Amino acid sequence: TLDTASGNLTTVAALTGLGAGHVVTGMALDKNSSIMYVVSIDGSIGRLYTINLKTGVLTIVASSMSGTTFPIDIAINNSGVMYSCDVNSDALNIINKTTGAATLVGSLGININF
């Protein structure tokens, strides 16, 4: 957790349940449902998880996110729509929070490769 007034960071719990070879690339809270989502990559596929905010346990929503190969970070707007950028295609996608499937919004017009 982050105290926005002081900037102090407090560890809640270590993440567990991350896929072998995967690294976390993003996390976002859906304010409408109070569900926190995590996205990870292993270099060839992205995975979508939910996270237990008390224990740090990740639960897989999608073991392979169809339509995106390298989802980097996620964001959820006030209406509950999840977005992600794909590093390989330099595109913006809408992510289905139930299936992990990506729907192309369009090209970013720039190279976002790290």
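In the block above lies the structure referred to throughout.
A. Highlighting the environment of Thr59. Relative to the helices and strands, Thr59 is located in strand β4 (residues 58-62). It is 20 Å that separates the C-alpha atoms of Thr59 and Gly43, two residues lying 16 residues apart in sequence. Setting aside its immediate chain neighbours within four residues, Thr59 contacts Leu48, Tyr49 and Thr50.

B. Fine view of the sheet that holds strand β3 (residues 46-51). Taken in spatial order, the 4 strands line up as β1-β2-β3-β4 in an open sheet, and their pairing is antiparallel. Sheet topology places β1 (23-30) and β4 at the edges, where each strand pairs with a single neighbour. Taken pair by pair, the neighbouring strands of this sheet meet at an average axis angle of 30°, ignoring direction. Of the pairings in the sheet, the one linking β3 to β4 comprises 4 bridges and is antiparallel in character. Within β4, the residue paired with Thr50 across the bridge is Thr59.

Conventions and cut-offs
Residue positions are given per chain, counting from 1 as you read along its sequence in written order. Owing to the predicted nature of the model, reporting of local features is limited to residues with pLDDT of at least 70; listing and counting of side-chain atom pairs is limited to 80 or more, with chain, interface and lining totals taken over all residues. Where side-chain values are given, they derive from all heavy atoms of the structure, hydrogens and water being excluded. Where helices and strands are cited, they refer to DSSP runs of H or I of at least four residues and of E of at least two residues respectively, numbered from the N terminus. The contact rule is simple, with two residues in contact once any of their heavy atoms fall within 4.5 Å. At least two DSSP bridges between two strands are needed for those strands to be called paired. Think of each axis as a best-fit line through the C-alpha atoms, taken over the contacting stretch in the case of a helix, with angles from 0 to 180 degrees between the N-to-C directions.

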